[in-house]
Amino acid sequence: MSAAALAMSGTAALAEWQPRKPVELIIMAGTGGGADQIARLLQGLIQKNGMSPRPFIPINKPGGSGAEALSYMKGKEGDNHTLLVALNSFYTTPLIQEELEIDVTSFAPIGRMAMDTFLLWVNAENEDITDLDSYIAAVKEKDGAWKVGGTGMGQEDSILTAMMEKELGYNVTYIPFPGGGTVAKNLVGNQVDSTVNNPSEQMEFWRAGNAKPLVQFNGERTAPFEDVPTAKELGADIEYYMQRSISGPAGMDPEAIAWYQNLFEELFNSEEWQAYCESDGLTCEQFLTGDDLSAFHEAQLKRHEELIESVGADAIMSK
């Protein structure tokens, strides 16, 4: 009877837990980029559909390639009202900046919302570049002066840029900006020569005819870029993805974890989220949470450690 009473008590606590103050939605990237867009879309859906008794407040902490956000989360251990909107710097920043002493596997695994992709973009006004071969020729002709816009050293696009330099046999000048949205604007403004932005970051300019994609870095072509070849189709062994996930700090109460997991699974299955994934080129076929998400994070940490070793930490950090 005592065990049964404890079980009933635990179930009641699970059913009763809900946010009792505003929830901080920490974004480890700048405004206008993919992570920022996703966080604000999710926050809007939660508010519009009355899914939380307290508001979710998006807060950008892009400093140090996400180190600011990760350090903030480390300091929030045991807090039930702080969540992190993560991308791949969730893995790379702790690996490269070991002095942070951050173990992201200790964070609460709430939910993987999507796998995002990367494309190689140039300004649509550049008529001489129509495919990967003409792009490589143009880059090599500038002999290291070709400007690639990105979001900072150790970030995903700096890793992908280093992968491309190694695989395609050229060198570029990497220009960092505060976020993916700013990177996209600088491509259209001709302040940089190319980017490897996520689709959502360049989508507005692509639809307006200001930017053109040359290559996808996926295993296979995905919508809405069915006419854009993958790097592997063109003989370049480059494939790279961006995870879009939600985590809580270490030590978060199990009841709070369960509440957030249920919330984000409901968001994942919503028509609005799935429509966004389809229109902006994200893969949203499977929601991961709990042990499955923890296993995914551990595998991705290993994968990024191998990538950093392959291209060299200096090649990434010098970006």
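Provided above is the structure to which this section pertains.
Engineer: Just checking my understanding: could you explain the environment of R112 for this structure?
Structural biologist: Mapped onto the fold, R112 is located in strand 4 (residues 108-116). Judged by relative accessible area, R112 falls into the buried class, the value being 11%. The spacing of R112 and E265 is 153 residues in sequence and 9.0 Å in space, taken between C-alpha atoms. Discounting chain neighbours no more than four positions away, the residues touching R112 are R244, S245, F268, Q286, F287, L288, L293 and F296.

Engineer: Honestly, the sheet that holds strand 9 (residues 211-216) in this entry has me stumped. Any pointers?
Structural biologist: Two orientations exist for strands paired in a sheet by backbone hydrogen bonds: parallel and antiparallel. The sheet built from five strands is open, its strands ordered 7-6-8-5-9 with mixed pairing. Single-partner strands in this sheet number two, and they are strand 7 (173-176) and strand 9. As defined by bridge partners, strand 5 (residues 119-123) adjoins strand 8 (residues 194-195) across two bridges and the pair is classed as antiparallel. Across the sheet, residue W121 finds its bridge partner in strand 8, namely T195.

Engineer: Is there a simple way to explain the packing of aromatic side chains in this structure?
Structural biologist: Any pair of aromatic rings gets described here by the distance separating the centres and the angle formed by the planes. What the rule picks out here adds up to 13 aromatic pairs. A ring pair is formed by F118 and Y240, whose centres lie 5.4 Å apart and whose planes are at 25°; its orientation type is stacked. With F118 in the loop between strand 4 and strand 5 and Y240 in the loop between strand 9 and strand 10 (242-248), the pair connects residues that are 122 residues apart, well separated along the chain. Both residues of the pair, F118 and Y240, count as buried. Where F268 meets F287, the ring centres are 5.5 Å apart and the plane angle is 50°; that geometry is what we call tilted. Here F268 is found in helix 9 (residues 254-268), whereas its partner F287 is found in the loop between helix 10 (271-279) and helix 11 (290-311), with 19 residues between them in sequence. Overall, the relative accessible area of 4% leaves F268 in the buried class. The ring of F296 carries R112 above its face, with NZ or CZ at 4.8 Å from the centroid.

Engineer: How do you make sense of the packing of helix 4 (residues 89-96) against helix 11 when you look at a structure like this?
Structural biologist: The relative placement of two packed helices comes down to the angle between their axes together with the axis-to-axis distance. Contact geometry of helix 4 with helix 11 gives a least axis separation of 9 Å together with a crossing angle of 55°. Relative to helix 11, the element helix 4 is oriented oblique. Like other packed secondary-structure pairs, helix 4 and helix 11 cross with a definite hand, here right-handed. Contacts from F90, Y91, T92, L95 and I96 in helix 4 reach F296, H297, Q300, L301, H304, E305 and I308 in helix 11. Along the lines of polarity and charge, the residues of the contact of helix 4 with helix 11 split into seven nonpolar, four polar and one charged.

The rules behind each value
- Residues numbered from 1 in each chain as written.
- Predicted model: local features only at pLDDT ≥ 70, side-chain atom pairs only at ≥ 80, totals over all residues.
- Heavy atoms only, no water.
- Helix = DSSP H or I, 4+ residues; strand = E, 2+ residues; numbered from the N terminus.
- Buried < 20%, exposed > 50% of the residue type's maximum accessible area, 1.4 Å probe, protein only.
- Contact = heavy atoms within 4.5 Å.
- Pairing = 2+ DSSP bridges.
- Phe/Tyr/Trp six-rings, centres within 6.5 Å; stacked < 30°, edge-to-face > 60°.
- Lys NZ or Arg CZ within 6 Å of the ring centre and 35° of its normal.
- Axes fitted to C-alpha atoms, helices over the stretch in contact; angles between N-to-C directions.
- Parallel < 35°, antiparallel > 145°, perpendicular 65-115°, else oblique.
- Left-handed = near helix turned anticlockwise from the far one by under 90°.
- Nonpolar A, V, L, I, M, F, W, Y, C, P; charged D, E, K, R; others polar.

Geometric descriptors of this kind do not, in isolation, establish any biological role.
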